[in-house]
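# Overview (structure and organization)
Each chain, letter by letter, is given below.
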Amino acid sequence: MGGLVAVTRITSRNARFQVLQTLLSNRTKRHRAGEFIVQGVRPLSMAIEFGWEIRALLYDGERSLSSWARDLLGSTPGAEQIAMSPGLLAELGEKGEGAVELLAVVAMRPDDLNRVPVSHDFLGVVFDRPTQPGNIGSIIRSADAFGAHGVITTGHAADAYDPKSVRASTGSFFATPVVRAASARDVAAWVEDRRAAGVPVVVVATDEHGDADVSEFDLTQPVLLLIGNETKGLSHAWRELADTTVSIPMAGSASSLNAASAASVVLYEAHRQRHSRASS
């Protein structure tokens, strides 16, 4: 495959295969290695479009590949090429049945809050102590769709690089900066630095007993939106740091929305307000 390109072959659950498996299931080893596994045409295409480092490409060594897969192998000369037996590739693709054509091992980007660009039209999201990686991915997808500049997760919680998070983002993970911060204090210091630099960031928390209805609050100003843990809501530290809280008006018997849905509603409202102002 690939002419003079050296190809590694994996046909058994050898040591190399086991290392690749840990990238899926072991958060500690994934971050120690600084890499994660990505699958799917759109996510892989987005990773390449936005300049992520592709360290290895894993493909089915027993089938004829699609033109997309061949082009990807040919356009990433710096990536190791690994031909695998289809059953082992399916395990890494987390599919018990069905064909998996191509997976990539991608290098992580640093957890540096300065990766999130902050200007006078800033819109960012903090997800406090998320428990479900799929919810992280869904929020990243909404953030990308509604023009947010970055997503920050805080606390030792679900991992944004978990395969479930990356899949749920449907490729937006690679277009929108996603950064992990240890605590609310770290994010608060970063916000103060941005304010000192002349961007008056307003920290807005979501709460069912908010100070204002979300549609009545000015979300056209620089906003950092806070979304709480799925079961416990926002931590006391974040409640203390929030400048204001907004609520989403509800109908029916439900008293609240889940974290990803709440984030999507507020992000949409911010996008609506900003679009309306730009059009007026």
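The following paragraphs examine the structure supplied in this document. (Residues numbered from 1 in each chain as written. Predicted model: local features only at pLDDT ≥ 70, side-chain atom pairs only at ≥ 80, totals over all residues. Heavy atoms only, no water.)

### Focus on the overall build of the protein
To be explicit about the condition: Where helices and strands are cited, they refer to DSSP runs of H or I of at least four residues and of E of at least two residues respectively, numbered from the N terminus. Our radius of gyration is a C-alpha quantity, and the globule rule it is checked against amounts to 2.2 Å times the number of residues to the power 0.38. Here's how the labels work: a residue is buried when its accessible area is under 20% of the maximum for its type, exposed when over 50%, partly exposed in between, all with a 1.4 Å probe on protein chains only. We call two residues contacting when some pair of their heavy atoms lies within 4.5 Å. All accessible-area figures derive from a Shrake-Rupley calculation using a 1.4 Å probe, and residue coverage is judged against the displayed protein chains alone. Working convention for charge: Lys and Arg count positive, Asp and Glu count negative, and His plus the chain ends are omitted. In plain terms, the charge of a residue is placed at NZ if it is Lys, CZ if Arg, CG if Asp and CD if Glu.
When its secondary structure is counted, the protein shows 10 helices and 12 strands. Computed over its C-alpha atoms, the radius of gyration of the protein comes to 21 Å, within 12% of the 19 Å expected for a compact globule of 280 residues. Principal-axis analysis of the C-alpha atoms places the extent of the protein at approximately 60 × 35 × 35 Å. Relative to its 280 residues, the protein shows a buried fraction of 49%. Within the protein, residue pairs in contact and separated by at least 24 positions form 79% of the contacts whose partners lie at least 6 positions apart. Accessible surface computed for the protein: about 13,000 Å², of which carbon and sulfur atoms make up 50%. Once the 27 positive and 31 negative side-chain charges of the protein are each reduced to a mean point, those two points are 6 Å apart.

### Focus on the nonpolar core
Put simply, the rule is: To define a nonpolar core, start from buried Ala, Val, Leu, Ile, Met, Phe, Trp, Tyr and Cys residues and group those joined through side-chain atoms within 4.5 Å.
Within the largest apolar cluster, 52 residues are counted, with the highest numbers of intra-cluster contacts made by Phe36, Phe173 and Phe174. Tallying contributions element by element places helix α10 (residues 259-279) first for this core, with seven residues. Apart from the residues lying within four places of it in its own chain, the contact partners of Phe173 are Phe36, Trp52, Ile140, Ala160, Tyr161, Val166 and Val178. Residues Val116, Phe122, Val126 and Val187 belong to the second largest nonpolar core, which totals 20 residues.

### Thoughts on the pairing of strand β12 (residues 244-247)
Put simply, side chains in a regular strand alternate between the two faces of the sheet. Filter applied, for reference: Any two strands between which DSSP finds at least two bridges are classified as paired.
In β12, alternate side chains face the same way, and those of Thr244 and Val246 on one face and Thr245 and Ser247 on the other are all buried. Where strand β9 (residues 202-206) meets β12, three bridges bridge the pair, whose relative direction is parallel. Counted as the bridge partner of Val204 is Thr244 from β12.

### A closer look at the side chain of Asp128
Checked against the element boundaries, Asp128 lands in strand β6 (residues 123-128). Relative accessible area serves as the criterion here: at 3%, Asp128 is assigned to the buried category. Those residues in contact with Asp128 that sit more than four places away from it in its chain are Thr154, Ile227, Gly228, Asn229, Gly233, Leu234, Ser235 and Trp238.

### What to know about the packing of helix α6 (residues 133-145) against α10
We count it as follows: Interaxial angle, 0 to 180 degrees, is taken between N-to-C directions of lines fitted to C-alpha atoms, where a helix line uses only the stretch in contact. With respect to orientation, any angle under 35 degrees is reported as roughly parallel, any angle over 145 as roughly antiparallel, any angle of 65 to 115 as roughly perpendicular, and every other angle as oblique. Polarity classes work like this: nonpolar for Ala, Val, Leu, Ile, Met, Phe, Trp, Tyr, Cys and Pro, charged for Asp, Glu, Lys and Arg, and polar for all others, with Gly in that last group.
With their axes 9 Å apart at the nearest point, α6 and α10 run at an angle of 10° to one another. Relative to α10, the element α6 is oriented roughly parallel. In contact with Asn135, Ser138, Ile139, Ser142 and Ala143 of α6, α10 contributes Ala259, Ala260, Ala263, Ser264 and Leu267. Of the residues assigned to the contact of α6 with α10, the class counts are six nonpolar, four polar and no charged.

### Description of the sheet that holds strand β4 (residues 80-84)
Sheets are built from strands that pair by backbone hydrogen bonding, the pairs being arranged parallel or antiparallel. The sheet built from five strands is open, its strands ordered β1-β4-β3-β5-β2 with mixed pairing. Two strands close off the open sheet at either side, each with one partner strand: β1 (7-10) and β2 (35-39). Shown here is a sheet whose adjacent strand axes are inclined to one another by a mean of 25°, direction ignored. Relative to strand β5 (residues 102-107), β2 is paired through five bridges, and the arrangement is antiparallel. The residue bridging Glu35 from the neighbouring strand is Ala107, located in β5.

### Focus on empty space enclosed by the protein
Applicable threshold: Cavities and pockets are defined on a 1 Å grid built over the protein atoms alone: a cavity is a set of grid points where a 1.4 Å probe fits but cannot escape, while a pocket is an open set with protein on both sides within 12 Å along at least five of seven lines, and lining residues are those with an atom within 4 Å of any such point. Grid points are joined across faces, edges and corners, and a volume is the space filled by probe spheres set on the points.
Scanning all chains against the criterion turns up one cavity of 30 Å³ or more. Here the largest cavity is characterised by a volume of approximately 70 Å³. Lining the largest cavity are Leu24, Ile37, Val38, Gln39, Leu92, Glu94, Pro163, Val166 and Arg167. At the level of secondary structure, the elements contributing two or more residues to the lining of the largest cavity comprise β2 and α7 (163-168). Residue composition of the lining of the largest cavity, grouped by class: six nonpolar, one polar and two charged.

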